[in-house]
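# Overview (structure and organization)
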Amino acid sequence: MLKKLKDIPIRRNPRLTKLLISAVLIALAGGTTYRITTLMESESKKSSTMENIVGGTGEMSKGYDHGNVYSIDGHLIAEDYTVGEQTKFCAVEGFSSIIGSDGCGGLIYKCAETLYSSDSKINRYERKGNSIQTTLSYKGQLTASSMLSQYFGHENCEGGSVSVVLADGAVLVAAGTNEYDPQEFFSETPPKDLYIDYCTVATPLGSVAKAVTARMLLLNDKNLSKEDSLYNISYPDLSFFTANGVTIHNWDYTYSGCYETVVDNGAYLRYINLAEALMHSSNTYFWRHAISFGLERSYNAEAELFGIGDPIVTELGTLDPVTVSRDRLDYYPWGQSFNCDSLRICELYNHILSGEAYIPYFVTSVRQPDSTEIYRVEPTERKELHFDIKKNDILIDALSQCFNYYAQGINHNITDRYRELIDNKRLLAKSGTADIDEIKGTTNNTRMLCVLDEHQNVVATACILIKNAQPTAPISDDLLFTILLETLEAAAHSAALSEFTEVIDQMKSLVATSHIEISEGADATIQAFIASLEAQNNSSTSLREITALINDANEATTNFLNCVKVENANNPFDLTYMIQNPGMDNTDGWSIAPTLSVSCGEFYQMTFDMYQSLKNMPEGTYLWCVQGFQRPGSSANSYSDYIAGKNNVAASLYGGNKSVKIQHIATEAQKKRIHSTDAAVGGTNYIPNTMEGSSHYFTEGMYENKLFIEHANTGNLRLGIRNTSAAEGYWTIFDNFRLYYYGKMSE
């Protein structure tokens, strides 16, 4: 029989979390994804903002070291080195233009106060320096830098860059062919905007911006005529068109074979849908739609929806606003005069495909020399730029058809590796080419590539931008998309090894839990399997092999748990790591999204059913736990009802076919305030009244809820919390979900 487990500790954020780079890994391997933006386990729930950390007087302290800078996958990418008696700072090749070199430039320049300041509260003592964990992928960055250098040197183009930005704004790759001149940073007024793409800022991006115009028009479709609606699958597309004295023509306007017929003014005509308009990169299609909506109105709508008229302040500098001169406004809606850098266009594509806007960022955490974390990024969606996207989104469908169209010119060895993603419309693409000098034949070339998860959510966007390429430069879809795919896969491979190592560690932890075999040989089998996994945990194992091994490891874990039971009921197997975001740091993995603050989730005056379904769970007994409560009504009324013996709680913790009411807010009423916002009830008692106040109660271990679950057969197990009343004042709040397993033991 199981004992009452009051001794099982409440652990905050028990799971070692990883950046969304893992999502790139799983997406490229054809599986599911999640979105988590921190790498290291941390007890701190809230830290200083980067603005506060890099604030202060900026006075430099002589003799203090810079500290170390790490990639998201744990590689040291910048450190101090000693030459004689002088200490200098050096970034690993491929990172110097981002991190900086010899104490200046890029990230280190921007975070100088963090690393140098003597009067900041966080740097009051002599030290070796803070360590900065960046979001940059070591292998992804080096792959992009190497391929850019190999194919696009300064002799055949003015510059090139590759950026990879995750859906929540984390910058995995920001590689370029440009080089910093260290002397730039020793002037009295060094440049303020020292990010990687300065050589390709304000570059005409060509037709990649047509997807942005398409999203704006889709969001304003009710203001367009039936013929001008982007949902019209048979729009009359003209080879050229004149309005207000301006003539716009398509790139293929002289090729009659690309059209169906001819009209009176000699223009060719074809009937196309949105996908075909994007594949053909029809200029007149988007220009005529924008004319219908209004050119000035189109520009203003895009500025309002996407914030393109505003600069974006990042941790490295400022991304300039999208620019278009007023005399070019007639050309703007179809993209020819759309000027911005590759980081910004990645951010913009993530936004138009998800409806969520996140500012690109490079730093995930900063730690003091004693490992105290003083900064942890908390990516926040810019709600003022949020918009909803319909389920069967025709823009996503159109861009996936674009990739299929471009894939005809991509090496089959590349496309065959991603056949499942291509067939399931999970790779999206758009090309753009702008002629800079028609006589010399120089062009600006841009290619976009977006990766979706199995639910059609955006994982990441990659962009390659080649500026002022000479006719001799090897510009082709094959090369440009290959660079993007190789960069993404390289970044994912690093994440795969990190993920694989964690899976092995989790298996070891389970095996180390005191247990009894109920099937002879279970221990020997799992130990041999772990040894086999460890032998393959190296860089020579391919991405797909690692993904398959992770799947095999999960299956082996289920088989092992089916063959054992715990020896001590007070020390069950801890399966909390199988729950995504158990600590309410974000809502990924959960069926619906509660309001989040101070690492708690809440619902107010609404019914809900928030759950996760875990696959292939072993049969046996589980303990499902959460800290949380419900206030069924106002503070005063709910408390007085409870004292009178009325428990009106309508929320319950559930798993499988079992459930239990969560605690009433009055059960943990205190004789003194836990937090300044607590509500006074019953004369001399206090209960939580805000999310921040509730988090203090949870930190003290209060409002614990437990549910034993008998899972009869190996298979899926749904675990969640739900509420059946939306009555006035009903408030439900929770944090710190945990899952434990006992094996085949009765409750």
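About the criteria used
- Residues numbered from 1 in each chain as written.
- Predicted model: local features only at pLDDT ≥ 70, side-chain atom pairs only at ≥ 80, totals over all residues.
- Heavy atoms only, no water.
- Phe/Tyr/Trp six-rings, centres within 6.5 Å; stacked < 30°, edge-to-face > 60°.
- Helix = DSSP H or I, 4+ residues; strand = E, 2+ residues; numbered from the N terminus.
- Lys NZ or Arg CZ within 6 Å of the ring centre and 35° of its normal.
- Buried < 20%, exposed > 50% of the residue type's maximum accessible area, 1.4 Å probe, protein only.
- Contact = heavy atoms within 4.5 Å.
- Pairing = 2+ DSSP bridges.
- Axes fitted to C-alpha atoms, helices over the stretch in contact; angles between N-to-C directions.
- Expected span 1.5 Å × (residues − 1).
- Polar contact = N/O pair within 3.5 Å; in protein donor to acceptor, adjacent residues only side chain to side chain.
- Arc of directions from axis to C-beta.
- Salt bridge = Lys/Arg side-chain N within 4 Å of Asp/Glu carboxyl O.
- Parallel < 35°, antiparallel > 145°, perpendicular 65-115°, else oblique.
- Nonpolar A, V, L, I, M, F, W, Y, C, P; charged D, E, K, R; others polar.
- Disulfide = S-S within 2.5 Å.
- Left-handed = near helix turned anticlockwise from the far one by under 90°.

### Here we look at the packing of aromatic side chains
Enumeration over the complete set of coordinates arrives at 24 aromatic pairs. Ring centres of F306 and F387 lie 5.9 Å apart, and the angle between their planes is 70°; on these two criteria the pair is classed as edge-to-face. With F306 in helix α10 (residues 295-306) and F387 in the loop between β17 (373-376) and α12 (394-407), this pair connects stretches of sequence that are 81 residues apart. The interplanar angle of 50° and the centroid separation of 4.8 Å between the aromatic rings of Y622 and Y741 together place this pair among those described as tilted. Here the residue Y622 occupies a position in strand β27 (residues 620-632), and Y741 occupies one in strand β35 (residues 730-743), the gap between them amounting to 119 residues. Among the aromatic side chains, those forming a connected cluster through ring pairs are W590, F603, F608, W624, F734 and F737. Sitting over the face of the ring of F241, R288 holds its NZ or CZ atom 5.4 Å from the ring centroid. Directly above the ring of Y611 sits R718, whose terminal nitrogen or CZ lies 3.7 Å from the centroid.

### Some points on the environment of I709
With respect to the helices, strands and loops of the structure, I709 is situated in strand β33 (residues 704-711). I709 gets classed as buried once you look at its relative accessible area, which sits at 1%. Through-space distance from the C-alpha of I709 to that of S659 is 8.7 Å; in sequence the pair is 50 residues apart. With residues near it in sequence (within four places) discarded, I709 still touches G620, T621, Y622, W624, G655, K658, L717 and L719.

### Examining the sheet that holds strand β11 (residues 261-262)
The sheet built from three strands is open, its strands ordered β8-β12-β11 with antiparallel pairing. Two strands in the sheet have a free side with no partner beyond their single neighbour: β8 (235-238) and β11. Here two bridges tie β11 to strand β12 (residues 268-272), and the two strands are oriented antiparallel to one another. Of the residues in β12, the one forming a bridge with T261 is L269. The strands touched by helix α9 (residues 283-293) are β8 and β12; relative to β8, the strand with the most contacts, the crossing angle is about 115°.

### Looking at the pairing of strand β20 (residues 458-469)
In terms of burial, β20 is largely enclosed, as twelve of its twelve residues are buried. Pairing of strand β5 (residues 159-166) with β20 involves eight bridges; the strand directions are antiparallel. Residue S163 lies in a different strand from β20, and its bridge partner there is C463. Strand direction decides the pairing type here: strand β19 (residues 442-452) and β20, joined by nine bridges, are antiparallel.

### Things to note about helix α6 (residues 138-151)
Taking 1.5 Å per residue as the helical rise, α6 with its 14 residues ought to reach 20 Å, and the 20 Å between its terminal C-alpha atoms agrees with that figure. Looking at the buried residues of α6, the elements they touch are α3 (96-99), β5, β6 (171-176), β20 and α15 (477-512). For α6, the side-chain oxygen to backbone nitrogen distance between the N-cap and G140 is 3.1 Å, and the N-cap itself is S137.

### Description of helix α16 (residues 522-535)
Here α16 spans 20 Å end to end across 14 residues, near enough to the 20 Å set by a 1.5 Å rise per residue. Inspection of α16 places A522, I526, I530 and L533 among the buried residues, and these make up the whole buried set. Down the axis, α16 shows its buried residues gathered within 60° of arc, on one side only. Across α16 from its buried face, at more than 90 degrees, point the exposed residues A524 and A535. Lining the buried residues of α16 we find α15, β21 (515-517), α17 (543-562) and β22 (564-566).

### Brief notes about the pattern of salt bridges
Within the structure shown, the criterion is met by twelve salt bridges. In this structure, the salt-bridge partner of E381 is K383, at a minimum N-O distance of 3.2 Å. Residue K383 is classed as exposed on the basis of its relative accessible area of 58%. In this structure, E486 engages R417 in a salt bridge whose closest nitrogen and oxygen atoms are separated by 3.6 Å. Of the two residues, E486 is situated in helix α15 and R417 in the loop between α13 (412-415) and α14 (419-423); the sequence distance between them amounts to 69 residues. On the accessibility criterion, R417 (29% relative accessible area) is partly exposed. Each of D237, D252 and R270 takes part in one network of salt bridges that share partners.

### Details of the packing of helix α7 (residues 210-219) against α10
In contact at an axis separation of 10 Å, α7 and α10 are set at 95° when each is read in the N-to-C sense. Accordingly, the angle class assigned to the pair α7 and α10 is roughly perpendicular. Contacts between α7 and α10 involve V212, T213, R215, M216 and L219 from the first element and S298, A301, E302, L305 and F306 from the second. Residues of the contact of α7 with α10, tallied by class, amount to six nonpolar, two polar and two charged.

### Notes on the state of the cysteines
Enumeration over the complete set of coordinates arrives at zero disulfides. Here C340 stays free of any disulfide, with the sulfur of C463 as its closest cysteine sulfur at 8.0 Å.

### Concerning unusual backbone geometry
Positive phi values are uncommon outside glycine, yet N581 reaches one of about 55°. The exposure class of N581 is buried, given its relative accessible area of 5%. Even without a glycine there, the phi angle at S599 is positive, about 60°. Locating S599 in the fold gives a position in the loop between β24 (595-597) and β25 (600-604). Of the residues examined, S599 reaches a relative accessible area of 9% and is grouped as buried.

### Brief notes about the sheet that holds strand β18 (residues 427-437)
Pairing in this open sheet of five strands is antiparallel, and the strands run β6-β5-β20-β19-β18 from one edge to the other. Two strands in the sheet have a free side with no partner beyond their single neighbour: β6 and β18. Strand-to-strand twist of the sheet, defined as the mean angle between neighbouring strand axes without regard to direction, takes the value 5°. Bridge analysis of β5 against β6 gives five bridges, and the strand direction is antiparallel. Looking across to β6, one finds that V165 is bridged to V171. Most of the contacts of α6 go to β6, to which it runs at about 25°, and overall it touches β5, β6 and β20. Running at roughly 70° to β18, α12 makes contact with β18 and β19 of the sheet.

### Overview of the packing of α16 against α17
Between α16 and α17, the shortest axis-to-axis distance is 10 Å and the interhelical angle comes to 165°. One way to sum up the angle between α16 and α17 is to call them roughly antiparallel. Classified by chirality, the crossing of α17 by α16 is left-handed. Two secondary-structure elements touch here, α16 through A522, D523, I526, F529 and L533 and α17 through L549, D552, A553, A556 and F560.

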